[in-house]
Structures are given as C-alpha cells and as structure tokens.
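# Coordinate analysis (summary)
What follows is each chain in one-letter form.
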Amino acid sequence: MSYTGFWDELRKIPPVTRFLCGSSLAVTVPVMMQLLSPYKVVFVRQLVTQKFELWRVWSSFFFGGSGLNYVFEFIMLYRSSNSLELDRYPRKSPDYAWQMTLAAGAILALNIPLNSFVHSRALTVCLLYISSALAPPGSQTSLMGLITIPIQYLPYAMIGMDLVMGGPGAAAVSVTGAVVGHLWWWAVYGDDGRGLPGLREFAKAPSWVRALVSDGAGPDMAGSGVHAMPPRQQQQPPARATGYNWGVGGQRLGVE
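Residues numbered from 1 in each chain as written. Predicted model: local features only at pLDDT ≥ 70, side-chain atom pairs only at ≥ 80, totals over all residues. Heavy atoms only, no water.

### Here's the deal with the nonpolar core
Among the nonpolar cores identified, the biggest contains 41 residues, and Leu20, Tyr96, Leu127 and Trp184 are the most heavily contacted of them. Among the secondary structure elements, those contributing two or more residues to this core are helix H2 (15–32), helix H3 (45–49), helix H5 (67–87), helix H6 (93–111), helix H7 (120–133) and helix H9 (168–188). The dominant element in this core, judged by the number of residues it contributes, is H6, at 8 residues. When residues no more than four places from it in sequence are discounted, the contact partners of Tyr96 are Val16, Leu20, Ser81, Leu84, Glu85, Tyr89, Leu127 and Trp184. Met76, Leu143, Ile149 and Leu154 belong to the second-largest nonpolar core, a separate cluster that totals 6 residues. (Core = buried A, V, L, I, M, F, W, Y, C linked by side-chain atoms within 4.5 Å. Buried < 20%, exposed > 50% of the residue type's maximum accessible area, 1.4 Å probe, protein only. Helix = DSSP H or I, 4+ residues; strand = E, 2+ residues; numbered from the N terminus. Contact = heavy atoms within 4.5 Å.)

### Regarding the layout of surface pockets
As a volume, the largest pocket reaches approximately 440 Å³. Residue lining of the largest pocket: 20 residues in total, with Phe19, Leu20, Ala97, Met100 and Thr101 positioned closest to the centre. For the lining of the largest pocket, the elements supplying multiple residues, two or more each, are H2, helix H4 (55–59), H6 and helix H11 (207–212). In terms of residue count, H6 provides more of the lining of the largest pocket than any other element does, 7 residues in total. Per-class residue counts for the lining of the largest pocket are 18 nonpolar, 2 polar and no charged. (1 Å grid on protein atoms, 1.4 Å probe; cavity = no way out; pocket = protein on both sides within 12 Å on 5 of 7 lines; lining within 4 Å. Points joined across faces, edges and corners; volume = space filled by probe spheres on them. Nonpolar A, V, L, I, M, F, W, Y, C, P; charged D, E, K, R; others polar.)

### A short note on the side chain of Glu53
Structurally, Glu53 can be placed in the loop between H3 and H4. At a separation of 2.6 Å, a polar atom in the side chain of Glu53 contacts the side chain of Arg56. When sequence neighbours within four positions are dropped, the list of residues in contact with Glu53 reads Leu47 and Val48. (Polar contact = N/O pair within 3.5 Å; in protein donor to acceptor, adjacent residues only side chain to side chain.)

Structure below.
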C-alpha cells in the first residue's frame, strides 16, 4: 500500500474514533517501548491541581497497559466506538464528541474517590455498555473470540473478568464506566429512543465543538463497524413428509 493509500484508508475511520485510537497508540506505545515512564501519563490529582500537569487528564484515558490485554482492549475500543459513530451518529460526529467528553468527565468524577490512576478501562466499558444497549434485541457477540454471549451481557462480563484478574479495585473502576454508560443511554436514548427532553438537548454539541470536529461519515457507511451477531433463528422446513430440517443462522452484522 502506498503512502497516499494508507492515509486514504485512515481517513475512512470516522473522526472521533480516529482520535480515540490515535490517542491510545500515542500514549501506550511509547510506554511499551520504554521511551516514556508510565508515571508521566497516569492521573495524579495533586499533580494536576497543584502543578497543572493537565495532560494527565487526557493521557489517563488512553494508557492501555501492555501485552495481549492491550491488544484486546484496543480492538474493543475501536469496534464499539466505530459502530456507535457510524450507526448512531452518522454525520453527527460533533454530537458524539461532545457526549464522549461529558461521559469522560463523569468517569473522572466518579473515579476521584477511588484514587484510580488509569481510566482507559472505564471508558471502554462505557462505550461497550451504550453500544450493547443500542444493539438489536437478541444480538450476540464473541467474548475475546472464545465464547458467544448475548451482547447486552458483554459489559458485565468485562467487569467480571476485571474482578477475577484485577481484584475489587479494578472491577470498581470498570463499574464507573458502566454507570456512566447507562446514564448516557438513559439521557440520550432511553427505552423510547428519545431520552430525556432537557438532557437530550444539552447533549447536542455547542458551536465550538462543531468548529473543531468534522461531521464524519454519512449513512452510506453505517454498519461497517458493527460486531454484533443477530439472534439465531429457525429456518422454515421444506414442504415434505420427512420431517423438519432445523438450521441456525449466525452471520455478523455488516459482513457481506
């Protein structure tokens, strides 16, 4: 692939998702290569408020650790954000960026009492929660390529994995992401798809955000990032006397 072709492919990723993934790589890769100390990118409230090291607020949401754990988390971040931005915010990337900013602020506020240093997992769980809540009823997804579960259980499965692998502290941080994800869904969408009138209006991006963020991809590209699978259905049996022919379906959405 030529240099121009690479940037053309990169520009196909919607702007907010491109920013999230680019920030994740920009923060995590230098730490993985030992070019930067992890202490320089984690959130330390005293250093932010007293020494004005404000970049720590941003970097704490994108430091993803190392190894296979980071690979899986990066993939989940990309897939959940890409599907949201293409399917729920077509040509509304500024609204998505604004709501993402509000969600990140809420995650940070909830994590201050927990004295957490890294908020990337909470952000990923938040995106997983709202994308799962907005998925078609009965949809399924693959958990790390190992087992298939109903997609609405995915955020809880991630919290359970954090509890087993990281203990109560890690699970508590992930719970804050699920709480914010639920509030996001409740305020903007809700059961009726309309959310709460006052909060839904506030969720629309102000003019300065619209000046910074492009509108993004339109409806013609929607669906290319969804990784949920529709519920399995029974095929109709052929008209013959030999009995039923039971079949199952399980194609991923967006895959031709």
